Amino acid sequence: MPPPPKRDPEAEKQAMEWIEAILGKKFDGPFDDVLKNGVVLCQLINKLAPGSVKKIAEKGMDFKLMENISAFQAAVKKYGVEDETFQTVDLWQKKNISAVTKCIFALGRVAQKHPEFNGPILGPKESDANKREFTEEQLRAGEGHVGLQAGFAGGASQAGQSFGKQRMIQD
């Protein structure tokens, strides 16, 4: 099994500062320990999308706390984070904390697209689609054009070029 991707302390710090700014409170301890039981993550998504996680287990057996992480994952998918979520064990067993950081950055990006969000920014803004409409006439005009990527350069060749004296081979 390959080792997990390297952790980026600077990205973790930025993610933690963003979470603290959204929730309005400071957290002590390492990034992964603060997030491990999923309570902070559930509070975060409930702040961004109220009512996303109905019941947050503050303490209890391990499987109850792991349900917090699963609830967060389901809520961020519903909020708009598509492919950048993480597995529960990535956080709970600290197998891939960089995936957790990546998910939080994705959440920060997606939050910027929600009109009701006016909080702090984390990461770059997600781009909008730039859909283009062409008329039939415009599409037909492009059919006869052969681009340079097709391998035709307007008849250019190296025929007739000489590069110095030829090598003579004798039998």
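Quick summary incoming for the structure in this document.

Scoring rules and cut-offs
- Residues numbered from 1 in each chain as written.
- Predicted model: local features only at pLDDT ≥ 70, side-chain atom pairs only at ≥ 80, totals over all residues.
- Heavy atoms only, no water.
- Core = buried A, V, L, I, M, F, W, Y, C linked by side-chain atoms within 4.5 Å.
- Buried < 20%, exposed > 50% of the residue type's maximum accessible area, 1.4 Å probe, protein only.
- Helix = DSSP H or I, 4+ residues; strand = E, 2+ residues; numbered from the N terminus.
- Contact = heavy atoms within 4.5 Å.
- Salt bridge = Lys/Arg side-chain N within 4 Å of Asp/Glu carboxyl O.

## So, the nonpolar core
- Ranked by size, the top nonpolar core spans 42 residues in total, and within it Trp18, Ile19, Leu35, Ile104 and Leu107 carry the most contacts.
- Listing elements by their share of this core, those giving two or more residues are α1 (9-23), α2 (31-35), α3 (39-48), α4 (62-79), α5 (88-92) and α6 (97-113).
- Here this core takes ten residues from α6, the largest share from any one element.
- Setting aside chain neighbours within four positions, we find Ile104 in contact with Ala15, Trp18, Ile19, Phe31, Leu35, Leu41 and Leu122.

## Focus: the side chain of Thr101
- Relative to the helices and strands, Thr101 is located in helix α6.
- Residues in contact with Thr101, not counting those within four places in the same chain, are Ala11, Glu12 and Phe31.

## Some details on the environment of Gly60
- With respect to the helices, strands and loops of the structure, Gly60 is situated in the loop between α3 and α4.
- Its relative accessible area of 48% is what places Gly60 among the partly exposed residues.
- C-alpha of Gly60 to C-alpha of Asn37: the two residues are 23 residues apart in sequence and 10.0 Å apart in space.

## Side note on unusual backbone geometry
- Its identity as a non-glycine residue notwithstanding, Lys94 has a phi of 55°, on the positive side.
- Along the polypeptide, Lys94 turns up in the loop between α5 and α6.

## Some thoughts on the pattern of salt bridges
- Tallied over the entire structure, the rule returns eight salt bridges.
- Between Glu67 and Lys64 there is a salt bridge, with its nearest N and O atoms 3.8 Å apart. A residue pair is termed a helical-turn pair when its members lie 3 or 4 positions apart in one helix, as Glu67 and Lys64 do in helix α4 at three residues.
- Between Glu84 and Arg109 there is a salt bridge, with its nearest N and O atoms 2.3 Å apart. Taken together, the positions of Glu84 in the loop between α4 and α5 and Arg109 in helix α6 put the pair 25 residues apart, joining distant regions of the chain.

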